Amino acid sequence: MSCSHYDPPDEINPKDIPRYVKAHTALGGGQLGLFGTAGLHTWAGEVGELVNCFTDSKEIDKKKLFDDSAGRGTYWANYSTTLGAALHELGHCFDLMHMPEGIMARGFDDMHKFVLMTSSLRHCLPPAESTDVSNAVPRAMGMFADHRAHWFRSSAVLLHYHKWLQPCSKSPLTARENCQPCIHVNWSHDVKGPIGNGGGGQENQSYFDDVAWHKSRELTPSGYVVYHGEYINAVVPLAATVSGEISEGCPVYGKIEKSCSIHTFPLEDDEYLTS
């Protein structure tokens, strides 16, 4: 948004800074991704300036320049938050919803760490002539221990299979010759989608209410088996299946048809499906 303008009064109240900027917003969804340009004064002009901009500890003069740094008040923090927020809004254009953590939460405030830590990984690697990499991975992972600028797993999965990012899509950016069309699976109106997939907007949806079923059998939800064609037909708790067969009395959400393909979706730690 090139029309953004910062117009502060003579007396600055830090809590009211968002009110001083005009034509500034953060909004994404569908084919539209918007983010104001009032914070561009801290952005890099070219790739070679990234490290310098992400390490610039100069304080923002709030009487002259917009501070959108999540309360940190420095040039590097303003660049980190505004660049990350722009990526967050772009994520909405790729059908991503808000997540418990990561870029689709407030993890985008840490975008500077993505650049700086990636640049520093070379120090974790062994010399080129060495074949010993036993310490390289642990050292590298340690650097990312508090790194929040990442895609939450469900966001990463959706991006991986997104039609706009498939090599067989019609987009001129990804199209390839002699490429077979990709299969895209969408949630039907009969079954609610997993967290992050925007469930709740359709009528006559079935709720995942398998919590009582798991508890009655002293089971912990470990994943779900998805039956689908072009759309999702049914979802069954993974714990309810034995050798591919559905256990008697287990909940089935939706309708299983003989023509359905089957996809097993195991849950990682701290992941869950919700209605």
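Up top you'll find the structure we're talking about.
Residues numbered from 1 in each chain as written. Predicted model: local features only at pLDDT ≥ 70, side-chain atom pairs only at ≥ 80, totals over all residues. Heavy atoms only, no water.

Let us look at the nonpolar core. Listed in full, the 10 residues of the largest apolar core are Phe-35, Ala-85, Phe-94, Leu-96, Met-99, Ile-103, Met-104, Phe-108, Phe-152 and Leu-159. Grouped together as the second largest cluster of nonpolar side chains are 7 residues, Trp-213, Val-225, Val-236 and Cys-260 included. (Core = buried A, V, L, I, M, F, W, Y, C linked by side-chain atoms within 4.5 Å. Buried < 20%, exposed > 50% of the residue type's maximum accessible area, 1.4 Å probe, protein only.)

On to the pattern of salt bridges. Taken as a whole and assessed by the stated rule, the structure comprises 6 salt bridges. Close ionic contact of Arg-19 with Asp-16 constitutes a salt bridge, the shortest N to O distance being 3.9 Å. Take Arg-19: its relative accessible area is 65%, and that puts it in the exposed class. With a relative accessible area of 21%, Asp-16 lands in the partly exposed category. Among the ionic pairs, Asp-110 bridges to Lys-113, the shortest N-O distance being 4.0 Å. With respect to burial, Asp-110 and Lys-113 carry one shared label: buried. Each of Arg-72, Arg-106 and Asp-109 takes part in salt bridges that share partners, so that together they form one network. (Salt bridge = Lys/Arg side-chain N within 4 Å of Asp/Glu carboxyl O.)

Attention shifts here to the pairing of strand E4 (residues 32–35). Here strand E3 (residues 26–29) pairs with E4 via 4 bridges, running antiparallel. In the strand pairing of E4, Ala-26 is matched with Phe-35. Hairpin remark: E3 followed by E4, antiparallel, with 2 residues in the connecting loop; positive phi at Gly-30, about 65°. (Pairing = 2+ DSSP bridges. Helix = DSSP H or I, 4+ residues; strand = E, 2+ residues; numbered from the N terminus.)

With that settled, the discussion passes to helix H6 (residues 153–160). Since the α-helix turns once every 3.6 residues, residues separated by three or four places project in the same direction. Taken together, the buried positions of H6 are occupied by Ser-154, Ser-155 and Leu-159. One side of H6 carries all its buried residues, which in axial view fall inside an arc of 140°. (Arc of directions from axis to C-beta.)

Here Ala-85 is to be found in helix H3 (residues 75–93). Note: C-alpha distance between Ala-85 and Leu-34 (51 residues apart in sequence) is 9.9 Å. Not counting the four nearest positions on each side in its chain, Ala-85 is found in contact with Phe-35 and Phe-108. (Contact = heavy atoms within 4.5 Å.)

With that settled, consider unusual backbone geometry. Peptide bonds are mostly trans, and most non-glycine residues show a negative phi. Positive phi is not limited to glycine here, since Ala-70 has a value of about 60°. The topology assignment puts Ala-70 in the loop between helix H2 (50–53) and H3. According to the relative accessible area criterion, Ala-70 is partly exposed, its value standing at 43%. Located in the positive-phi region is Asp-95, a residue other than glycine, with phi close to 70°. Mapping Asp-95 onto the fold places it in the loop between H3 and helix H4 (111–120).

Inspection of every chain in the model, using the stated rule, returns 3 aromatic pairs. Ring centres of Trp-43 and Tyr-79 lie 5.5 Å apart, and the angle between their planes is 40°; on these two criteria the pair is classed as tilted. Residue Trp-43 is found in the loop between E4 and H2, and its partner Tyr-79 is found in helix H3; the two are separated by 36 residues along the sequence. Judged by relative accessible area, which is 28%, Trp-43 ranks as partly exposed. On the accessibility criterion, Tyr-79 (4% relative accessible area) is buried. Ring geometry for Phe-54 against Tyr-79: centres 4.3 Å apart, planes inclined by 10°, an arrangement best described as stacked. Taken as a pair, Phe-54 in the loop between H2 and H3 and Tyr-79 in helix H3 lie far apart in primary sequence, 25 residues in all. On the basis of relative accessibility, which here comes to 2%, the residue Phe-54 falls in the buried class. Feature note: the residues Trp-43, Phe-54 and Tyr-79 constitute an aromatic cluster, connected by ring pairs. (Phe/Tyr/Trp six-rings, centres within 6.5 Å; stacked < 30°, edge-to-face > 60°.)

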